[in-house]
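Single-letter residue listing:
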Amino acid sequence: PGASRPPGRERRRRLPGSLFPSPPAMAAPRGVIRALHRGTLTQNSSMDRIFSGIQPTGKLHLGNYFGAIQNWVRLQEEYNSMLYSIVDLHALTVPREPAVLRQSILDTTATLLACGINPEKCLLFQQSQVPEHAELGWILGCLTSRPRIQSFPQWKVKNASQNYEGTVGLFTYPVLQAADILLYKSTHVPVGEDQVLHLELARDIAQHFNKKYGNFFPVPKAILSTTKKIKSLRDPTAKMSKSDPQKLGTLNITDSPEEIVLKFRKAVTDFTSEVTYDPDSRPGVSNLVTIHAAVTGLSIKEVVHQCVGLDTAHYKGIVAEAVIQKFVPIRNEIKRLQEDKSHLEKVLQAGAEKAKELASPVYQEIKRLVGFQ
């Protein structure tokens, strides 16, 4: 997301113009970000392969849409090899009721399709239906040191949130994430800055494997998102999250117009009525401006200019209406798709079959390299 198309890179002629598990917002060092972003997508489209994933946990919200899904839709129009995975194995890092998880997988599929993901232009599949993910995760785990994972700030935060009884799966999921990427010899991964450290691990593992067994994996590069983060309506210093205990802080893609209006009415701002953009001193109002710009396609400057003379109370209603106009059609399409369970299952099955066709020869060669065959 946010990466421009390099010179000479053409769109598909006949076509019109994560999320990996989302860790707590931890800014990666700028040096790390620059290193991950060296180089652009290659001029030869047949060599580019982009992978990204999203967890089927909870309802998808505006942060998911503008931070990941919208960019997935754009990328599928521009590149020939796109893999989007519903990473249900990662969902087990915290307790899930089987029936709830089963439904969440279908709901996430419906949401992605309604938002514009097209299985004819990309591979959309369920991670657990391709067993090579977990098998490669074990091999890569055996190449990764415990201190390397233990140093992740995300582990420290999540383990603390589980009363320091975090599972082995929670501890090692960054290695499985690396397997997700490397299994398809992916060259690029769309990420936000809070996911950069995880991609850095995947790069390190690829380089370690290559040094030990020969040059096999491409070292994946980041497509860094330039989208401004959507923050919680109730705590504009924190990003919008599925797990936010303040339910009024998260705008879900499937929220009704009445719910959207209520959440904006309750949104935290400040005692200054003017609409301005200053994230440091006025985070609440600035978050409203960010959302308004995202749903309308206007720039921050254009939004602020249009709102000269408005007070924040009135402005909340304007932003709510803009969100409603953007997402009600998507919400209606999600409902329609949810009523056709067999169609959703067929989409996932077809995607898994194609993903296996890509994964199987790669994994067979890995088995040969490490000595299984």
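Predicted model only: the values in this text are computed from it and were never measured. (Residues numbered from 1 in each chain as written. Predicted model: local features only at pLDDT ≥ 70, side-chain atom pairs only at ≥ 80, totals over all residues. Heavy atoms only, no water.)

**Some remarks on the overall build of the chain**
Thinking step 1. Scanning the chain from N- to C-terminus turns up 14 helices and five strands.
Thinking step 2. Across the 373 residues that make up the chain, the buried fraction comes to 50%. (Helix = DSSP H or I, 4+ residues; strand = E, 2+ residues; numbered from the N terminus. Buried < 20%, exposed > 50% of the residue type's maximum accessible area, 1.4 Å probe, protein only.)

**Looking at the confidence of the model for the chain**
Thinking step 1. On average, residues of the chain score 87 in pLDDT, and 87% of them are at 70 or above.
Thinking step 2. Note that pLDDT drops below 50 for residues 1-19; the model gives that stretch 63 contacts with residues more than four away or on any other chain.
Thinking step 3. In this model residues 21-44 is a low-confidence stretch, pLDDT under 50, and it forms 66 contacts with partners more than four residues away in sequence or in other chains. (pLDDT = per-residue confidence, 0-100. Contact = heavy atoms within 4.5 Å.)

**Some details on the side chain of D88**
Thinking step 1. Following the sequence through the fold, D88 ends up in helix 3 (residues 88-91).
Thinking step 2. Buried and without a salt bridge, D88 has R102 as its closest oppositely charged side chain, separated by 9.6 Å.
Thinking step 3. When sequence neighbours within four positions are dropped, the list of residues in contact with D88 reads P56, I105, Q126, Q127 and S128. (Lys, Arg positive; Asp, Glu negative; His and termini not counted. Salt bridge = Lys/Arg side-chain N within 4 Å of Asp/Glu carboxyl O.)

**Some points on helix 2 (residues 62-78)**
Thinking step 1. Here helix 2 is 17 residues long and its end C-alpha atoms lie 23 Å apart, about the 24 Å a rise of 1.5 Å per residue gives.
Thinking step 2. Most pronounced at A68, the bend in helix 2 amounts to some 35°.
Thinking step 3. The buried fraction of helix 2 is high, at 14 of 17 residues. (Expected span 1.5 Å × (residues − 1). Bend = angle between axes of the 7 residues up to and from the residue.)

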